[in-house]
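Architecture and fold: a report
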Amino acid sequence: MSNLEREAAPALCGGRGFVVAEPVRELLSPRRVKLGESSEVRRLLPNLGRRMVGAWCFVDHYGPDDIADEPGMQVPPHPHMGLQTVSWLHEGEVLHRDSTGSLQTIRPRELGLMTSGRAISHSEESPRSHARFLHGAQLWVALPDGHRHTDPRFEHHADLPVVTAPGIKATLILGDLDGATSPGTAFTPIVGADLALTRGADLRLPLEPDFEYAVLSMSGEAHVDGVPVLPGSMLYLGCGRSELPLRAESDASLMLLGGEPFEEELIMFWNWIGRSQEEIVQARQDWMEGSRFGEVKGYDGAPLPAPELPAVALKPRGRVR
């Protein structure tokens, strides 16, 4: 899942100027975005109230959708640069193709991690024969300046570290948590974890005080630091926490997202992250001319055209509210 909006607008991200340096409880409501004719996602980042959480800069939550008699996810070839995409499923399957030649079916609680680096293109689709329900999240991680021109590549990790304690099973998606380390390649201090809570769970999850955090609710009824977080919403938690109280009213699933606050100022336009107007203009030209981003082979359909650039100049800025 990527940004398919035809009226793309630049997102002003990055910089430490608006990082909350203390614990907070800021509930973020999703923006509903149509993808194609029938699919709809709940976009949590970028948000009018919060642009980034660590290096996490884009979060879509979708489903559970009944696609038994539908084609399901159908995202034609499109480009990326300057970021990593993280595909995470609770139900269903997604077939990933990209311009490096990768072809991989991603299944529930398996990590699909694509590093775009300087340039890549990919497609995502539900296999022709697929499960009835599709439920998951698509996330982006901004690459720091020293790594944003790296070679593009795709990683698939079906076997991820799991941290358990009474009432919780935490699958580590990216980064480090409670002594465990994900096999996924990370370029900044970061954490992403899937938290499965059993009904009645009441516990405290260890955190890094220097990280800022947010929690996305995937399903069930859970309280995060005393705040009820409904499925499809996200609670921003700020920094300065060494632990996080969690309580489950029913079996529940959450995604913990965190990391060291991202220092650099960014421009995020459509599916690209850059540092200047010139970079975005060049990326759009290269994509529309069919150069640089490669070719996705095997997808039955045409690539997505890039949206028009806005009339105003794109400028990198810090975090805005």
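Residues numbered from 1 in each chain as written. Predicted model: local features only at pLDDT ≥ 70, side-chain atom pairs only at ≥ 80, totals over all residues. Heavy atoms only, no water.

Describing the UniProt feature "domain: Pirin N-terminal" (unreviewed entry) in the protein
Condition: UniProt positions are given in the numbering used here, feature names are shortened, and annotations may be inferred rather than shown by experiment. Secondary structure elements follow DSSP: runs of H or I of four or more residues count as helices, runs of E of two or more count as strands, with numbering from the N terminus.
Those places that UniProt annotates as "domain: Pirin N-terminal" (unreviewed entry) correspond, in this numbering, to residues 42–141. Spanning residues 42–141, this segment combines 0% helix with 60% strand, and its end C-alpha atoms are found 18 Å apart.

With respect to the sheet that holds strand S8 (residues 94–98)
One key point about sheets: their strands pair by backbone hydrogen bonds, in either a parallel or an antiparallel sense. Note the threshold: Strand pairing is assigned whenever DSSP identifies at least 2 bridges connecting the two strands. Each axis is a line fitted through C-alpha atoms, taken for helices only over the stretch in contact, and angles between the N-to-C directions span 0 to 180 degrees.
Spatially, the four strands line up as an open sheet ordered S6-S11-S8-S9, and their pairing is antiparallel. One side of each edge strand has no neighbouring strand; the edge strands of this open sheet are strand S6 (74–80) and strand S9 (103–106). Each adjacent strand pair in this sheet contributes to an overall mean axis angle of 20 degrees, direction not counted. As paired elements, S8 and strand S11 (residues 120–125) share four bridges and run antiparallel to each other. Along S11, the bridge assignment pairs leucine 95 with glutamate 125.

A few points about the side chain of serine 217
Threshold: Note on contacts: a residue pair qualifies if any of its non-hydrogen atoms lie within 4.5 Å across the two residues.
Inspection of the secondary structure assignment puts serine 217 in strand S19 (residues 212–219). In this structure, serine 217 is in contact with His61, Val229, Leu230, Pro231, Gly232, Ser233, Ser253 and Leu254, ignoring residues within four places of it in sequence.

Considerations on the nonpolar core
Put simply, the rule is: Here, nonpolar core refers to any group of buried Ala, Val, Leu, Ile, Met, Phe, Trp, Tyr and Cys residues whose side-chain atoms link them within 4.5 Å. A simple rule labels every residue: compare its accessible area, found with a 1.4 Å probe on the protein chains alone, to the largest value its type can have, and call it buried under 20%, exposed over 50%, or partly exposed in between.
If you look at the biggest cluster of nonpolar residues, it comprises 36 residues, and the most contacted ones within it are Trp56, Val86, Leu139, Leu174, Leu216, Met234 and Met255. With five residues, strand S12 (residues 133–142) is the single largest residue contributor to this core. The contact partners of leucine 174, leaving out residues within four places of it in the chain, are Trp56, Val86, Leu113, Val141, Ser182, Gly184, Thr185, Ala186, Ile190, Val191 and Gly192. Membership of the second largest hydrophobic core comes to 29 residues, among which are Val163, Ile168, Tyr213 and Val224.

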